[in-house]
Protein chains: 2
Amino acid sequence: MQRYFVPESSWSGDKVIVKGNDARHISRVMRMKPGDKVFCNHPDGRAALCMILTLRDTFIELLVEQWMEQSAEMPVHVTIAQAIPKGDKFELVLQKGTELGAGAFIPFQADRSVAVWDEKKIDKKQPRFDKIVKEASEQSHRNHVPAVEPPVSSTQLAELSKEYDIAAFAYEEEARSEVHHSFAKVLHETRPGMRMLICIGPEGGYSDREVELFKEAGMKPVRLGPRILRTETAALYALAGISYHLEELRC
Amino acid sequence: MQRYFVPESSWSGDKVIVKGNDARHISRVMRMKPGDKVFCNHPDGRAALCMILTLRDTFIELLVEQWMEQSAEMPVHVTIAQAIPKGDKFELVLQKGTELGAGAFIPFQADRSVAVWDEKKIDKKQPRFDKIVKEASEQSHRNHVPAVEPPVSSTQLAELSKEYDIAAFAYEEEARSEVHHSFAKVLHETRPGMRMLICIGPEGGYSDREVELFKEAGMKPVRLGPRILRTETAALYALAGISYHLEELRC
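What you are looking at is a predicted structure, and each value in this text was computed from that prediction instead of being measured.

Here is what the cut-offs are and how they apply
Residues numbered from 1 in each chain as written. Chains lettered and ligands numbered in written order. Predicted model: local features only at pLDDT ≥ 70, side-chain atom pairs only at ≥ 80, totals over all residues. Heavy atoms only, no water. Least-squares fit on C-alpha atoms with pLDDT ≥ 70 in both. Contact = heavy atoms within 4.5 Å. Helix = DSSP H or I, 4+ residues; strand = E, 2+ residues; numbered from the N terminus. Polar contact = N/O pair within 3.5 Å; in protein donor to acceptor, adjacent residues only side chain to side chain. Buried < 20%, exposed > 50% of the residue type's maximum accessible area, 1.4 Å probe, protein only. Pairing = 2+ DSSP bridges. Axes fitted to C-alpha atoms, helices over the stretch in contact; angles between N-to-C directions.

Q: What am I meant to see in the relation of the copies chain B and chain A here?
A: Turning one copy of the chain about an axis and sliding it along that axis gives the other copy, so a rotation and a shift relate them. Of the transformation placing chain B onto chain A, the axial shift is 0.1 Å and the rotation is 180°, giving an RMSD of 0.2 Å. The operation mapping one copy onto its partner corresponds to a two-fold rotation axis. Minimal C-alpha distance to the rotation axis in chain B is attained by G241 of chain B, lying at 2.8 Å. The share of interface residues of chain B whose copies in chain A are also at the interface is 100%, consistent with both copies meeting through the same surface.

This is how it looks when you write it as structure tokens:
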């Protein structure tokens, strides 16, 4: 959904006026009609879901339908499925991913994951994971502490992916093929409130079996820029890209 | 500049045909004319700067003007000016920032930087910094190893910023004001080959003096999403956002 920053003087009760370039963008570029909805951002940092009432090229009147209370939360719920990485990289993903707005994390045991997390290891790690996401949520002034789910297998992850509105996996090789799904195209399909799953492979990449599994489950292969990213960096790119697209961009 | 992914079958010698939705986007949404230029991405991963020859609503013929050789390099040269942070956070910015496509790094001694890097400290740190960016460049298959410049003061940074085509500083407070510059608006102004400076403040934020200094120098305050980010995370958000906008997005 489009988002516009509207100066203080243009807000009056539950009415908002959008003028100038933003109005032209709504009417000419987006070709919106009365009844269509956009987000309007108030200078105080809050955002409102607004419906277009009347519309001229450079003057648009909107009605505030709903104030968005959790302005520090992403408009979509993003779950990062992170292949279990080496060392303490998962902790970096948890900390930085929480700052960047992730809604939940699912570690998964990929075929090429070097580290193996058995139940005993998880029992030891879980309290530390929970502490990291809680502290990172506070640091970034979020209202929601992301869940850190227990690890699953690749097969379980493919099955789980069907419960999401949109599921994608970072896979550069596939992204170069003709029928690739650009990350931007996937993000263009999002609507507020959707649940999204982004899967990040391990250091050694996915196995052929996993790629087939994910594709059969309907997960979309996406590219996260043209450079080769470390597994933990890919998760952060994905979240920053989603935030940029849904929270900052007015194209 | 707009970028379109064009299937193999639409390339013939130095001619490219863009059809369907992408053609409609070029002709109707972007309202381009013959002589205008876009990037066309070949499925093999290379990109070409192309000029529009003839143009109909759903069929556009373009001429390949130049193949972009360094496809793993950002289309703009991004320098991250990072306020000297605590501990080894600067090393994280160097490693992840290089993966994410940064062109250069300038540490700066902000008024509220807790750590102080004197000459002796720098002499000791520099070889390690150089090693980190070199290894990260190799890891991410880049052709360019970013420079790690010697530290400067805030005042020197403001002066330096005038040498860039676009200079911005991450500053949430300002970004909430009525005359804020959205990060997306700044990125819309970029053209291939431009030099861009992005300044990231220290843990405690900028001093009032620094904010004035940067604004007077023409640097644009931008917001990097609605959540409070740690200083090292902000640099990574900025780079991922730039990559997403310039390398992945077709809006």
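Q: I'm lost on the environment of K37 of chain B in this one. Help?
A: Residues and elements named next belong to chain B. Examined against the element boundaries, K37 turns out to sit in strand β4 (residues 37–41). For the pair formed by K37 and L63, sequence separation is 26 residues and the distance between their alpha carbons is 9.3 Å. With residues near it in sequence (within four places) discarded, K37 still touches M1, M32, L49, C50, M51 and E65. Within the structure, K37 has its side chain in polar contact with the side chain of E65 (distance 2.9 Å).

Q: Help me understand helix α1 (residues 20–29) of chain B in this model?
A: Since there are 3.6 residues in each turn of an α-helix, residues three or four apart along the chain are aligned in direction. Residue and element names in this part refer to chain B. Every buried residue of α1 is accounted for by D22, A23, H25, I26 and S27. Against the buried residues of α1 lie β1 (3–5), β3 (15–19), β5 (47–56) and β6 (59–68). R31, located one to two residues past α1, shows a positive phi value of around 50°.

Q: What should I look at first to understand the sheet that holds strand β1 (residues 3–5) of chain A in this one?
A: Residue and element names in this part refer to chain A. Strands sit in the order β1-β4-β5-β6-β3-β2 across an open sheet of six strands; the sheet is mixed. The sheet is open, and its two edges are formed by β1 and β2 (11–12), each paired on a single side. When strand β3 (residues 15–19) meets strand β6 (residues 59–68), the two strands line up antiparallel, connected through five bridges. Residue pairing for β6: K15 is matched across the bridge by L63. Lying on the sheet, helix α1 (residues 20–29) is in contact with β1, β3, β5 (47–56) and β6; it crosses β3 at an angle near 95°.

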